Amino acid sequence: MSAGNYILCEQLFNDWKDDVLHGEPPRFFDVGMGANGFRLCPGTVTLLGGSPGMGKTAFVMQCVVTALVNAPSLSACIANVEMPPERLLERQLSRLSDLPLDGIQRRTLDAVQKGQLEPALGLLSGVADRLVFVQSPMTIDNVAAAADSISAELIVLDYIQRIRPVGSHDDKRGSVDATMDSIRHFAAAGYCVVAVAAVGRTKDARGRSSYAGDGLSLASFRESSELEYGADDAYLIVPTEDDESGALEIGVTLRHLKSRYGKPTDIELAFNRSRQSFWPQPVDSFVASGPRRGPVRGLWRDS
Ligand SMILES: Nc1ncnc2c1ncn2[C@@H]1O[C@H](COP(=O)(O)OP(=O)(O)OP(=O)(O)O)[C@@H](O)[C@H]1O
């Protein structure tokens, strides 16, 4: 019997051994990224960073909606500090219907296109009672209450630096640390938490201050290193090619910077901005740019 905040190995040994020999394999939510793709599973915190406009929100929303469609018993909670639910749904509608987001947002679709929306609207309607959006104020308490309201197993914080923690804290660093501490508790209780994180500019290969993927391994924002330590997996979305042209379709790499329980594996994707859609690419279909990977510490901006 445990008399304090410790447990003798002997107390847990038989249950653990039984689980190793006869237990169920770990569960994954099917987010549709292919056999060796991005995975989400209960009991973990996944951190996803990237420069502004790189598609973090689009990627996470695609994963959540796909997971909901693929698992009829799954529910999800979204805390997005930047976009109201209607705009997030319009992006998914564009992806699922393969119609331009512009037309949907501007309400300029013709009758034929509106007809083409029906299957996608049907899919979204099928998950609507299993998807809850946190409303302002974006506090960790409200996230928990919203998740509990539909027993959501999958929780998204987009983005973590703007979700207010429990209690008051002296500075931004303390605040981000406290939020991470709370979501570690969520994960320990079996929830799957995805934390989107803003990243800071660093020096690129030519010494310029930039968000370029080749510079994003420099440790210049150490004050929020708790994000790195608290995450089980950490990914960074970086353009595979030069993104200065602002092309509608780009190659991106999900750089797997940290994997607590396995080998980090980068994932090549294509991102179509006008449909807000990602899909997996064969590994060598885009030319990799810059060094493969640097330390995670320092990548996450906390303000
Ligand atoms: N109607 C549209 N047509 C084409 N591209 C669009 C449209 N609406 C948004 N985009 C582009 O899609 C991308 C959206 O990315 P998203 O909001 O997911 O990025 P993010 O990484 O979450 O950004 P941030 O950190 O600024 O929140 C941006 O590059 C944006 O310019």
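Please refer to the structure higher up on the page.
Everything numeric in this text was worked out from a predicted model, so none of it was measured.

In the region of the ligand, 15 residues are neighbours, and G53, K56, T57, A58 and R273 sit closest. Elements that contribute at least two residues to the shell around the ligand include exactly helix 2 (56-70) and helix 4 (101-105). Partitioned by chemical class, the residues of the shell around the ligand number five nonpolar, six polar and four charged.

Moving on: the nonpolar core. Of all hydrophobic cores here, the largest spans 67 residues; its most connected members are V64, C77, V143, L154, I155, L157 and A195. Residue contributions to this core peak at nine residues, all from helix 2. The contact partners of A195, leaving out residues within four places of it in the chain, are V45, L47, L157, I160 and I183.

Looking now at the packing of helix 2 against helix 3 (residues 85-97). Two quantities define a packed helix pair, namely the angle between the helix axes and the distance between the axes. It is at 10 Å that the axes of helix 2 and helix 3 come closest, and there the two elements cross at 75°. Comparing the axis directions of helix 2 and helix 3 gives the class roughly perpendicular. Within the contact between the two elements, helix 2 uses A58, M61, Q62 and V65 and helix 3 uses L88, R91, Q92 and R95. Looking at side-chain class alone, the contact of helix 2 with helix 3 contains four nonpolar, two polar and two charged residues.

This part covers unusual backbone geometry. Backbone torsion omega between S136 and P137 reads 0°, so that peptide bond is classified as cis. Structurally, P137 can be placed in the loop between strand 3 (131-133) and helix 7 (140-149). Note the cis peptide between D158 and Y159, where omega equals 5°. Relative to the elements of secondary structure, Y159 occurs in the loop between strand 4 (154-158) and helix 8 (172-188). Even without being a glycine, D98 presents a positive backbone phi close to 60°.

Cut-off values and rules
Residues numbered from 1 in each chain as written. Predicted model: local features only at pLDDT ≥ 70, side-chain atom pairs only at ≥ 80, totals over all residues. Near = placed C-beta within 6 Å. Helix = DSSP H or I, 4+ residues; strand = E, 2+ residues; numbered from the N terminus. Nonpolar A, V, L, I, M, F, W, Y, C, P; charged D, E, K, R; others polar. Core = buried A, V, L, I, M, F, W, Y, C linked by C-beta atoms within 7 Å. Buried ≥ 20, exposed ≤ 12 C-beta atoms within 10 Å, placed from the backbone. Contact = placed C-beta atoms within 7 Å. Axes fitted to C-alpha atoms, helices over the stretch in contact; angles between N-to-C directions. Parallel < 35°, antiparallel > 145°, perpendicular 65-115°, else oblique.

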